[in-house]
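Given next are the chains, with one letter for each unit.
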Amino acid sequence: MEQILLAIGLMLLFAKVLGEITERFGVASLVGEIISGIILGPILGWIIMGDFLSGFLMFGIIFLLFKAGLEVKFEEIKVFAYKASFLAATGGIISFFLSFLVGMLFFNNFMIAIAIGTVMVSTNNAALFLLLMKAGEFDSKTGKLIVAITIADDVVGILALSFFNMYVSRSIAVSNLFLIFLVSIGFYVFMLTAGSQWLNKVLRKINIFRDEHILFTIPLAVAFGLAYFTHQIGLSLAAGAFLAGMAMANSQFAEPVIMPKINIILRGFLLPLFYASIGTLLIFTGLNPYLIIAIVIAALAGKFIGCGVMSRLFGTHRDEIKLIGISMMPRADDNIVVLQIILLLGVITT
């Protein structure tokens, strides 16, 4: 136990300090947090991830996806729903296909290739929003379309992970994936309609309690419960946590009460630990630079073609095509979370 306490203390200290340093150089803090894990693990050998820490860090995954769901307001993207859903799907499918080909070329292993493809499906929201704000396009018509695409992209990414989880755990035939897709979509629709209305009524009723922290505790309990439920029915636990957040995103308590408390726990504790732990798992011996280059090219090309070029079907202009394609390229925390889940499934090794 003493070693675990020391490991947590060291990872928190190094992660926050290095995260702050990288931010001052204009780089995302998660880069510094991962570097802290690399220093403490592979370089110094002070931290070795055990079962307890790995299990504990699953909390980070659930919190992160719950927060991601809270940021998705379905009402705001209805006007772009069909266009955004199509482009998110094409971007995800092409990214998956190109990354799958990279996996087959370098590993000649069907399951590993599917894993690489699944990891590369999602775009990183935080980097995308920052890019749009710096370009002054966040509130433009194209900017709103891109935000709608990335919200739909979140759903596509979670569905891809759920299919992968089902395929691995139950060895479901590819021919049955369409049925799974319909069931998954039905579950999403239920949670975002009747489920969302019911949850928001519950939150309004529990507001009678004097302690406002119950408005944080109950949503968290729902997120963990729904994560357990989706895991039990074969979908990923990530789907449950994400859906819980989406279902509560339109609640009057989401932004003033739930989000600030989630951010404190995430940014001050769970996320630095999560990213530092990723760094401790990295192995630098025997790296294939051609594999890294191929994955990067597949990741960038998949989104530019699938989201940018395919948007031409809806009459977008050249500048809009470039903005959509480039905006959808970033990968970061969402992909690391998916990768960590796949690692825990035992499909790939460190």
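Now for a description of the structure that goes with this document. Just so it is clear, the model here is predicted, and its values are computed rather than measured. (Residues numbered from 1 in each chain as written. Predicted model: local features only at pLDDT ≥ 70, side-chain atom pairs only at ≥ 80, totals over all residues. Heavy atoms only, no water.)

A few points about the overall build of the chain
Right, on to step 1. Check the secondary structure of the chain and you find 15 helices and 0 strands.
Right, on to step 2. When the 350 residues of the chain are sorted by exposure, 49% land in the buried category.
Right, on to step 3. Considering only contacts within the chain whose residues lie at least 6 apart along the sequence, 78% involve residues at least 24 apart.
Right, on to step 4. About 17,200 Å² of surface is accessible on the chain, with carbon and sulfur atoms providing 69% of the total. (Helix = DSSP H or I, 4+ residues; strand = E, 2+ residues; numbered from the N terminus. Buried < 20%, exposed > 50% of the residue type's maximum accessible area, 1.4 Å probe, protein only. Contact = heavy atoms within 4.5 Å. Areas by Shrake-Rupley, 256 points an atom, 1.4 Å probe, with all protein chains shown as cover.)

A short note on the environment of I93
Right, on to step 1. Residue position: I93 is located in helix α5 (residues 81-107).
Right, on to step 2. Under the relative-accessibility criterion, I93 is labelled exposed at 56%.

A look at the packing of helix α4 (residues 58-70) against helix α12 (residues 254-281)
Right, on to step 1. The N-to-C vectors of α4 and α12 enclose an angle of 145°; their axes lie 9 Å apart at closest approach. In the packing of α4 onto α12, the handedness of the crossing is left-handed. Across the interface between the two elements, F59, G60, I61, F63, L64, F66, K67 and L70 of α4 pack against A254, I258, M259, I262, N263, I265, L266, R267, L270, L271, F274 and Y275 of α12.
Right, on to step 2. Of the residues contributing to the contact of α4 with α12, the split by class is 16 nonpolar, 2 polar and 2 charged. (Axes fitted to C-alpha atoms, helices over the stretch in contact; angles between N-to-C directions. Left-handed = near helix turned anticlockwise from the far one by under 90°. Nonpolar A, V, L, I, M, F, W, Y, C, P; charged D, E, K, R; others polar.)

Let's talk about helix α2 (residues 29-43)
Right, on to step 1. With 15 residues, α2 should cover 21 Å at 1.5 Å per step; its first-to-last C-alpha distance of 20 Å lies within 8% of that length.
Right, on to step 2. Of the positions making up α2, those classed as buried are L30, G32, E33, I34, S36, G37, I38, L40 and G41.
Right, on to step 3. Taken together, the buried residues of α2 touch α1 (2-24), α12 and α15 (333-345).
Right, on to step 4. Following α2 by one or two positions, G45 has its phi on the positive side, about 70°. (Expected span 1.5 Å × (residues − 1).)

Topic: the packing of helix α10 (residues 214-232) against α12
Right, on to step 1. Close contact between α10 and α12 brings their axes to 9 Å; oriented N to C, the two are set at 75°. Considered as vectors, α10 and α12 are oriented roughly perpendicular to each other. Contact with α10, carried on its side by L215, F216, P219 and L220, involves V257, I258, K261, I262 and I265 of α12 and no other residues of that element.
Right, on to step 2. Across the contact of α10 with α12, the residue classes tally to 8 nonpolar, no polar and 1 charged. (Parallel < 35°, antiparallel > 145°, perpendicular 65-115°, else oblique.)

Notes on unusual backbone geometry
Right, on to step 1. Phi at N108 is positive, roughly 50°, even though this residue is not glycine.
Right, on to step 2. Counting through the fold element by element, N108 comes out in the loop between α5 and α6 (110-119).
Right, on to step 3. With a relative accessible area of 63%, N108 lands in the exposed category.

Concerning the side chain of T22
Right, on to step 1. One can find T22 in helix α1.
Right, on to step 2. Looking at T22, the relative accessible area reads 13%, which means it is buried.
Right, on to step 3. Setting aside chain neighbours within four positions, we find T22 in contact with V27, A28, S29, V31 and G32.

Topic: the packing of aromatic side chains
Right, on to step 1. The final tally for this structure, using the stated rule, is 5 aromatic pairs.
Right, on to step 2. Plain terms: the ring middles of F100 and F110 are 5.6 Å apart, the flat faces sit at 80° to each other, and that makes the pair edge-to-face. Linking F100 in helix α5 with F110 in helix α6, this pair joins segments that are 10 residues apart in sequence.
Right, on to step 3. On the basis of an interplanar angle of 65° and a centroid distance of 5.4 Å, the ring pair of F274 and Y275 is categorised as edge-to-face. Taken individually, F274 and Y275 each receive the classification buried, so the pair is uniform in this respect. (Phe/Tyr/Trp six-rings, centres within 6.5 Å; stacked < 30°, edge-to-face > 60°.)

Things to note about the pattern of salt bridges
Right, on to step 1. Summed over the entire model, instances satisfying the criterion amount to 3 salt bridges.
Right, on to step 2. Linking D319 and K322 is a salt bridge whose minimum nitrogen-to-oxygen distance equals 3.9 Å. One end of the pair is D319 and the other is K322, both in helix α14 (residues 318-327) and 3 residues apart, which spans about a single turn.
Right, on to step 3. Owing to a relative accessible area of 57%, D319 belongs among the exposed residues under this scheme.
Right, on to step 4. The partly exposed category is assigned to K322, whose relative accessible area is 41%. (Salt bridge = Lys/Arg side-chain N within 4 Å of Asp/Glu carboxyl O.)

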